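Here is how the chains run, residue by residue.
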Amino acid sequence: NFHRVFSVDVVNSNMDLMVWFELYWVDPRLTWNPEDYGNLTKTWFWIGDGGAGGETSEIWTPDVELWNLETGLQSSLDGSYA
């Protein structure tokens, strides 16, 4: 979803946008029987940037980059819970 168009520079082929995208995937290794865990049906995992010190996320997450991106996503996104 496009939330806002900040600028469009046709001459330099550059756009500044605010967008929202969600990714969904199913990992069968992250399934459980809720009855075995007090009817727990949902949980949260820390998603970090990996950085120079290695992977910091609690679970695997896909690497996402946009083509022709002026500034990398890792420099514009904070770690969050997923």
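Residues numbered from 1 in each chain as written. Predicted model: local features only at pLDDT ≥ 70, side-chain atom pairs only at ≥ 80, totals over all residues. Heavy atoms only, no water.

**A word on the overall build of the protein chain**
Then, in step 1: When helices and strands are counted, the protein chain shows 1 helix and 4 strands.
Then, in step 2: Its helices and strands taken in sequence order, the protein chain reads β-β-β-α-β from the N to the C terminus.
Then, in step 3: For the protein chain, the residues scored as buried account for 9% of the 82 residues in total.
Then, in step 4: For the protein chain, long-range pairs separated by at least 24 residues make up 32% of all intrachain contacts whose partners lie at least 6 apart in sequence.
Then, in step 5: Summed over all atoms, the accessible surface of the protein chain reaches about 7,700 Å², with 54% contributed by carbon and sulfur. (Helix = DSSP H or I, 4+ residues; strand = E, 2+ residues; numbered from the N terminus. Buried < 20%, exposed > 50% of the residue type's maximum accessible area, 1.4 Å probe, protein only. Contact = heavy atoms within 4.5 Å. Areas by Shrake-Rupley, 256 points an atom, 1.4 Å probe, with all protein chains shown as cover.)

**Quick look at the pairing of strand β1 (residues 2-9)**
For a regular strand, side chains alternate in direction, first toward one face of the sheet and then toward the other.
Then, in step 1: Buried residues are scarce in β1, accounting for 0 of its 8 residues.
Then, in step 2: Here 6 bridges tie β1 to strand β2 (residues 14-19), and the two strands are oriented antiparallel to one another. Residue D9 lies in a different strand from β2, and its bridge partner there is N14.
Then, in step 3: Hairpin connection, β1 to β2: the antiparallel pair is bridged by 4 residues, and S13 has positive phi, about 50°. (Pairing = 2+ DSSP bridges.)

**Overview of the pattern of salt bridges**
Then, in step 1: A complete count under the given rule lists 1 salt bridge for this structure.
Then, in step 2: The salt bridge involving D27 is made with R29; its shortest N-O contact spans 2.8 Å.
Then, in step 3: Take R29: its relative accessible area is 68%, and that puts it in the exposed class. (Salt bridge = Lys/Arg side-chain N within 4 Å of Asp/Glu carboxyl O.)

**Some details on unusual backbone geometry**
Then, in step 1: One non-glycine residue with positive phi stands out, namely S13, at about 50°.
Then, in step 2: Even without being a glycine, N39 presents a positive backbone phi close to 60°.

**Quick look at the confidence of the model for the protein chain**
Then, in step 1: For the protein chain, per-residue confidence averages 75 on the pLDDT scale, and 65% of positions sit at 70 or higher.
Then, in step 2: Ranking the elements of the protein chain by mean pLDDT puts strand β4 (residues 80-81) last, at 54, and β1 first, at 86. (pLDDT = per-residue confidence, 0-100.)

**Comments concerning a nonpolar patch on the surface**
Then, in step 1: Among the surface-exposed residues, F2, V19, F21, L23, W25 and W60 lie close enough to one another that they form a single nonpolar patch of about 690 Å² accessible area.
Then, in step 2: Mapped onto the elements, W25 comes out in the loop between β2 and β3 (46-47). (Patch = residues over 30% accessible without salt bridge, like charges linked within 9 Å, V, L, I, M, F, W, Y side chains within 5 Å.)

**Observations regarding the environment of H3**
Then, in step 1: Take H3: it is sitting in strand β1.
Then, in step 2: Note on H3: relative accessible area 52%, which makes it exposed.
Then, in step 3: When near neighbours in sequence (up to four residues on either side) are disregarded, H3 contacts M18, V19 and W20.

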